[in-house]
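Survey of secondary and tertiary structure
Okay, here's what each chain looks like letter by letter:
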Amino acid sequence: MALASSSAASSTSPLNRSIASHSAQDLKASWVGSVRSLDRQVASSVATNSGYRRSSIKPISAELKRNNSAVPKAVSVAAPEVVETEKVEKVVDWEKMAKELEHASPLTIMDRALEEFDNDIAIAFSGAEDVALIEYAHLTGRPFRVFSLDTGRLNPETYQFFDTVEKHYGIRIEYMFPDATEVQALVRTKGLFSFYEDGHQECCRVRKVRPLRRALKGLRAWITGQRKDQSPGTRAEVPVVQVDPVFEGLEGGAGSLVKFNPVANVEGTDVWNFLRAMSVPVNSLHAQGFISIGCEPCTRAVLPGQHEREGRWWWEDAKAKECGLHKGNLKQEETSSSVQTTVKEADIFNSDNLVTLSRTGIENLARLENRKDSWIVVLYAPWCQYCQAMEASFVDLADKLAGSGVKVGKFRADGDQKAYAQQELQLQSFPTILFFPKHASKPIKYPTEKRDVDSLMSFVKLLK
């Protein structure tokens, strides 16, 4: 109203025009001072929050511009200059963090992970004992996300378990599915069970690895249930924190994804003690002898004396038992060469009552049709955790058979000896146990994977 009055008075007399002129100049100065003061306030506000972009600030001239105003140009000139400022990302030394958290509890590691990445991190849940990760995340009191890979070939019990977990924690699991066209092409070309013939890698690549890759592209970090004691030759050096060596994250490129393994240093028995103590729901398959759980055709219960990972892809060697989700665990020489080199490692099955056979020794034993004594021989690799798991029972067997007319031997069948063992000694996976009768040239393969000493002794007695 004041501006309107000043504009009308200027047309009546020179005096009024003079007064109006002075008033306009004073008003102009007043507006300019006001705008400059606001400019300083905005600049100060933006400087304290580097997360805001100045381009989102509404131009002040848009609020003050009026038709027939005495000061539109002054306001326009005084509008603050908008300068783009980028949000500065902090740089984290992940190797240093891994050392700091090496001996920390899983709860501490989980809390640090969720604090560091907020909504840009998620727990990878397979439907097995890695439900412990969800319990740890719940205990932190922080919000968390969970995703899972539905391959289309999981056990019915696993699907039921997913539903139980969602209801127990009041969460929604973010399921990832394989590309239907890729699955269709694989099955039509090679059938439903091609992995039994040419390995599991192709099927896992279609049903697991590629869906995982899509999931991780929307994250900056992920959390897994890997433990060092889970798989021989592939997980023994898993750190609690690492830059993912295989997959890319939200920003793309090498180093764009961080991987947390909170239970890397925890023994499997301790994980189960934790689950029982906290009354955490578990997959009903565990009560049926399943420990490591994956797709139904590639998972089975383990027997006494077997390592937990032996229930997965049992027709393949222990060192190949990664589906591709944690391919970075495999050493370069293992992934680039089809020939397995001998790993220098402490030998196993050591006993005074156990004979170490050389290549010549096993060839002679296999060639004989009439032997002085019967033999039971284990084909092994010292790095194989399944072989390590049955070491005590096999040594005990050797001690019990001492002086009985049955000799107990071992033949290291990895490395350069593997091809021979596969061709001549029925080796398919480690360990393989053979019985050489006194009066038969062909050895008899131990048919079951029950490797406790009583089962082995029964096998010997039946054939002795």
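Shown above is the structure to which this text applies.
Bear in mind that the values here come from a model prediction, so they are computed numbers and not experimental data.

Burial of nonpolar side chains together is a common tendency in soluble globular proteins. Counting residues in hydrophobic clusters, the biggest one holds 42 residues, and the most contacted among them are F125, I223, V241 and F260. Every element with two or more residues in this core is listed here: helix 5 (94–101), helix 6 (106–117), strand 1 (121–124), helix 7 (131–140), helix 8 (156–169), strand 4 (221–223), strand 6 (258–260) and helix 12 (268–277). Looking at this core element by element, the count peaks at 6 residues for helix 7. When residues no more than four places from it in sequence are discounted, the contact partners of F260 are W94, M97, I109, A113, F117, I121, A221, W222, I223, T224, V240 and V241. Core analysis: the second largest hydrophobic core is formed by 41 residues, Y380, L397, F430 and M457 among them.

Attention shifts here to helix 8. Here helix 8 spans 21 Å end to end across 14 residues, near enough to the 20 Å set by a 1.5 Å rise per residue. Looking at the packing, one finds that the buried side of helix 8 touches helix 7, strand 2 (146–149) and strand 3 (174–176). G170, located one to two residues past helix 8, shows a positive phi value of around 65°.

Now for the sheet that holds strand 1. Strand order in the open sheet made by the 6 strands is 3-2-1-4-6-5, with mixed pairing throughout. Looking along the sheet, the strands with just one partner apiece sit at the ends: strand 3 and strand 5 (241–243). On average, adjacent strands in this sheet sit at an angle of 30° to one another, irrespective of strand direction.

Moving on to the pairing of strand 8 (residues 374–380). Remark: a regular strand shows side chains that alternate across the two faces of the sheet. Along strand 8, 7 of the 7 residues are buried, which leaves the element largely enclosed by surrounding structure. Residues S374, I376, V378 and Y380 point to one face of strand 8 and W375, V377 and L379 to the other, with burial holding for every one of them. Bridge count between strand 8 and strand 10 (residues 432–436): 5 bridges; the pairing is antiparallel. Opposite L379, over in strand 10, you have T432 as the bridge partner.

Next up on the list: the packing of helix 7 against helix 12. At a minimum axis separation of 10 Å, helix 7 and helix 12 run at an interaxial angle of 55°. In terms of axis orientation, helix 7 runs oblique to helix 12. For the element pair helix 7 and helix 12, the recorded crossing hand is left-handed. The residues of helix 12 that touch helix 7, namely those facing V131, A132, E135, Y136 and L139, are V271, F274 and L275. Per-class residue counts for the contact of helix 7 with helix 12 are 7 nonpolar, no polar and 1 charged.

Strands sit in the order 7-9-8-10-11 across an open sheet of 5 strands; the sheet is mixed. With partners counted over all chains shown, the strands left at the sheet margins are strand 7 (354–356) and strand 11 (444–445), one partner each. Inspection of the sheet shows strand 10 paired to strand 11 by 2 bridges, in the antiparallel sense. The residue of strand 11 that forms the bridge with F435 is I444.

Glancing now at the packing of aromatic side chains. In this structure the tally under the stated criterion is 17 aromatic pairs. Ring plane angle 0° and centroid distance 5.9 Å describe the contact between F193 and Y196, whose orientation is recorded as stacked. By relative accessible area, which is 41% here, F193 ends up partly exposed. An aromatic cluster is present here, built from F125, Y159, F161, F162 and Y175 joined pairwise through their rings. Over the face of the ring belonging to F193 we find R153, whose NZ or CZ atom lies 4.9 Å from the ring centre. In this arrangement the basic side chain of R359 is found over the ring face of Y420, its NZ or CZ atom lying 4.0 Å from the centre.

Further remarks concern the packing of helix 6 against helix 7. With their axes 9 Å apart at the nearest point, helix 6 and helix 7 run at an angle of 70° to one another. Classed by the angle they form, the pair helix 6 and helix 7 counts as roughly perpendicular. For helix 6 against helix 7, the interelement crossing comes out right-handed. Contact residues: helix 6 offers P106, L107, M110, D111 and L114, while helix 7 offers L133, Y136, A137, L139 and T140. Per-class residue counts for the contact of helix 6 with helix 7 are 8 nonpolar, 1 polar and 1 charged.

Another point: helix 11 (residues 201–216). For helix 11, with 16 residues, the first-to-last C-alpha span of 20 Å runs short of the 22 Å given by 1.5 Å per residue. Most pronounced at K208, the bend in helix 11 amounts to some 30°, and the proline P211 follows within four residues. Of all the residues in helix 11, the buried ones are C203, C204, V206, R207, K208, V209, P211, L212, A215 and L216.

What follows covers the pairing of strand 2. Residues V146 and S148 line one face of strand 2 and the alternating positions F147 and L149 line the opposite face, and both faces are buried. By the bridge criterion, 2 bridges tie strand 1 to strand 2 in an arrangement that is parallel. Across the sheet, the residue bridging to I123 is V146, located in strand 2. Taken together, strand 1, helix 7 and strand 2 form a β-α-β motif whose crossover is right-handed. The pairing of strand 2 with strand 3 spans 3 bridges and is parallel.

On to a positive patch on the surface, then. A cluster of like positive charges, contributed by K400, K438, K461 and K464, occupies part of the molecular surface. Within the secondary structure layout, K400 lies in helix 16 (residues 391–401).

Counted by the stated rule, this structure contains 15 salt bridges. Across the pair K167 and D163 runs a salt bridge whose closest N-O atoms are separated by 3.1 Å. Of this pair, K167 and D163 are both found in helix 8, 4 residues apart, which corresponds to roughly one turn of the helix. For K167, a relative accessible area of 65% gives the class exposed. Across the salt bridge formed by E182 and R210, the nearest N and O atoms sit 3.2 Å from each other. Here R210 lies in helix 11 and E182 lies in helix 9 (residues 180–190), a separation of 28 residues in the sequence. Shared partners join several salt bridges into a network, and the residues in it are E129, R227 and D229.

Conventions and cut-offs
Residues numbered from 1 in each chain as written. Predicted model: local features only at pLDDT ≥ 70, side-chain atom pairs only at ≥ 80, totals over all residues. Heavy atoms only, no water. Core = buried A, V, L, I, M, F, W, Y, C linked by side-chain atoms within 4.5 Å. Buried < 20%, exposed > 50% of the residue type's maximum accessible area, 1.4 Å probe, protein only. Helix = DSSP H or I, 4+ residues; strand = E, 2+ residues; numbered from the N terminus. Contact = heavy atoms within 4.5 Å. Expected span 1.5 Å × (residues − 1). Pairing = 2+ DSSP bridges. Axes fitted to C-alpha atoms, helices over the stretch in contact; angles between N-to-C directions. Parallel < 35°, antiparallel > 145°, perpendicular 65-115°, else oblique. Left-handed = near helix turned anticlockwise from the far one by under 90°. Nonpolar A, V, L, I, M, F, W, Y, C, P; charged D, E, K, R; others polar. Phe/Tyr/Trp six-rings, centres within 6.5 Å; stacked < 30°, edge-to-face > 60°. Lys NZ or Arg CZ within 6 Å of the ring centre and 35° of its normal. Bend = angle between axes of the 7 residues up to and from the residue. Right-handed = clockwise from strand over helix to strand, strands pointing away. Patch = residues over 30% accessible without salt bridge, like charges linked within 9 Å, V, L, I, M, F, W, Y side chains within 5 Å. Areas by Shrake-Rupley, 256 points an atom, 1.4 Å probe, with all protein chains shown as cover. Salt bridge = Lys/Arg side-chain N within 4 Å of Asp/Glu carboxyl O. Lys, Arg positive; Asp, Glu negative; His and termini not counted. Charge placed at Lys NZ, Arg CZ, Asp CG, Glu CD.

Any functional reading would require information beyond the geometric quantities listed.
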